[in-house]
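Summary of the model geometry
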Amino acid sequence: MSSDNLMMQSVNITIIGMLVVFAFLIIMVGIMKVLGKLVQAMEKYFPQTVPAAEDNALIAVAIAAARRFQGK
């Protein structure tokens, strides 16, 4: 095998690999957009609950504990 042939093969493999990764990323972004729209549509049927008033005290304690743990 000549060095020119090896160089062309390496360029071809590099380009094919980059195209495969690019195609995968495009497909992944498309799937994520479709799933985002699906979740928004499902929000009508399964709404998220808002924490009750007594849960706010528990949330405040958790936030205070986290800040204390972080040293703030």
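Let us look at the structure shown here. (Residues numbered from 1 in each chain as written. Predicted model: local features only at pLDDT ≥ 70, side-chain atom pairs only at ≥ 80, totals over all residues. Heavy atoms only, no water.)

1. Some words on the overall build of the protein chain
The helix and strand inventory of the protein chain stands at two helices and zero strands. The C-alpha atoms of the protein chain give 26 Å as radius of gyration, which overshoots the globular expectation for 72 residues (11 Å, by more than 25%). Expressed as lengths along the three principal axes of its C-alpha atoms, the size of the protein chain is roughly 75 × 40 × 10 Å. The buried share among the 72 residues of the protein chain stands at 0%. (Helix = DSSP H or I, 4+ residues; strand = E, 2+ residues; numbered from the N terminus. Rg over C-alpha atoms; globule rule 2.2 N^0.38 Å. Buried < 20%, exposed > 50% of the residue type's maximum accessible area, 1.4 Å probe, protein only.)

2. Some words on a nonpolar patch on the surface
On the surface, I27, I31, L35, L38, M42, Y45 and F46 cluster together into a nonpolar patch covering about 760 Å² of accessible area. Note on placement: L35 falls in helix α1 (residues 3-42). (Patch = residues over 30% accessible without salt bridge, like charges linked within 9 Å, V, L, I, M, F, W, Y side chains within 5 Å. Areas by Shrake-Rupley, 256 points an atom, 1.4 Å probe, with all protein chains shown as cover. Salt bridge = Lys/Arg side-chain N within 4 Å of Asp/Glu carboxyl O.)

3. Side note on the environment of Q9
On the secondary structure map, Q9 appears in helix α1. Here the alpha-carbon distance between Q9 and K33, two residues 24 residues apart in the chain, equals 36 Å.

4. Some remarks on the environment of A66
Within the secondary structure, A66 is located in helix α2 (residues 53-70). Exposure remark for A66: the relative accessible area of 38% places this residue in the partly exposed category. For the pair A66 and F22, spaced 44 residues apart in sequence, the C-alpha to C-alpha distance is 40 Å.

Function cannot be inferred from these measures alone, as they are strictly geometric.
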